[in-house]
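One letter stands for each residue in the lines below.
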Amino acid sequence: MSIVQVAKSMEKLISQTIANPNDPRKEELVEMEKLKAIIDKKAESLVRGELYCGLGFVVVQTLGFMRLTFWELTWDVMEPICFFVTSLHFAIAYGFFLRTSKEPSFQSYFQRRFKVKQEKLMKTHNFDIEKYNQLCNAFYPYSSLEHFPQSNHAGGAVFGSVH
């Protein structure tokens, strides 16, 4: 391989990783960012829907236990039932921790479900994650945050990269 070929190869690699102000890839990145914003918003709304369904389940369960405790049965009957239901809730939270190695909190559940929904939507919309990350690295090389995935929800808690 000659020195000219090596120089051309290096120039090509450098031009792919460093963006010029008039780079045509900027428009592609802008379009991808718009699509990603739409995907993130949809994923967030789907996860919030799941969380509201969970809230509804807990409210109905509590109302059912109240009804059984004060009108149908007595506390002596309902106490062990409530204990076992509470133990089941703890076991589910512990299972979540074992599966994800994350604290079983509402925020970590939200993050996990958001990531799953986001990945499904990206497959549905044929969103090229690797290309998006390459373009972000080319146009924002000094950014301290990783570019994918991000969300606008409270605190911007979902950050990281998909490999």
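Keep in mind it's a predicted model, so treat the numbers as computed, not measured.

1. Looking at helix α2 (residues 25-72)
Helical periodicity: at 3.6 residues per turn, an α-helix aligns residues three or four positions apart in one direction.
Link 1 in the chain: An ideal rise of 1.5 Å per residue puts 70 Å on 48 residues; α2 measures up with 68 Å between its terminal C-alpha atoms.
Link 2 in the chain: When α2 is considered as a whole, its buried residues turn out to be Leu 29, Met 32, Lys 36, Ile 39, Asp 40, Ala 43, Glu 44, Val 47, Gln 61 and Thr 69.
Link 3 in the chain: Residues of α2 that are buried make contact with α3 (75-100), α4 (106-124) and α5 (129-139).

2. Side note on α5
Link 1 in the chain: Every buried residue of α5 is accounted for by Ile 129, Tyr 132, Asn 133, Leu 135, Cys 136, Ala 138 and Phe 139.
Link 2 in the chain: Its side-chain oxygen at 3.4 Å from the backbone nitrogen of Glu 130, Asp 128 defines the N-terminal cap of α5.

3. Describing the confidence of the model for the chain
Link 1 in the chain: Residues with a pLDDT of 70 or more make up 77% of the chain, whose mean pLDDT is 81.
Link 2 in the chain: Below pLDDT 50 for its whole length, residues 149-163 participates in 37 contacts with residues either more than four positions away or in separate chains.

4. Notes on the pattern of salt bridges
Link 1 in the chain: Under the counting rule described, the total for this entry stands at seven salt bridges.
Link 2 in the chain: Among the salt bridges present, the one from Lys 131 reaches Glu 28, with a minimum N-O distance of 2.7 Å. Residue Lys 131 is located in helix α5, and its partner Glu 28 is located in helix α2; the two are separated by 103 residues in the primary sequence.
Link 3 in the chain: Classification of Lys 131 by relative accessible area gives partly exposed; the value is 33%.
Link 4 in the chain: Here the salt bridges do not stand alone but share partners, grouping Glu 50, Arg 113 and Lys 117 into one network.

5. Here we look at the nonpolar core
Link 1 in the chain: Counting 16 residues, the largest nonpolar core has Leu 29, Phe 127 and Tyr 132 as the members making the most contacts within it.
Link 2 in the chain: The dominant element in this core, judged by the number of residues it contributes, is α5, at six residues.
Link 3 in the chain: Residues within four places of Phe 127 in sequence aside, it is in contact with Met 32, Leu 35, Lys 36, Ile 39, Met 122 and Tyr 132.

6. Observations regarding the packing of α2 against α3
Link 1 in the chain: Running from N to C, α2 and α3 cross one another at 160°; their axes reach a closest spacing of 9 Å. Our classification of the angle between α2 and α3 gives roughly antiparallel. Crossing hand, α2 versus α3: right-handed. Across the interface between the two elements, Gln 61, Phe 65, Leu 68 and Thr 69 from α2 touch Trp 75, Met 78, Ile 81, Cys 82, Val 85 and His 89 from α3.

Each value, and the rule that gives it
Residues numbered from 1 in each chain as written. Predicted model: local features only at pLDDT ≥ 70, side-chain atom pairs only at ≥ 80, totals over all residues. Heavy atoms only, no water. Helix = DSSP H or I, 4+ residues; strand = E, 2+ residues; numbered from the N terminus. Expected span 1.5 Å × (residues − 1). Buried < 20%, exposed > 50% of the residue type's maximum accessible area, 1.4 Å probe, protein only. Contact = heavy atoms within 4.5 Å. Polar contact = N/O pair within 3.5 Å; in protein donor to acceptor, adjacent residues only side chain to side chain. pLDDT = per-residue confidence, 0-100. Salt bridge = Lys/Arg side-chain N within 4 Å of Asp/Glu carboxyl O. Core = buried A, V, L, I, M, F, W, Y, C linked by side-chain atoms within 4.5 Å. Axes fitted to C-alpha atoms, helices over the stretch in contact; angles between N-to-C directions. Parallel < 35°, antiparallel > 145°, perpendicular 65-115°, else oblique. Left-handed = near helix turned anticlockwise from the far one by under 90°.

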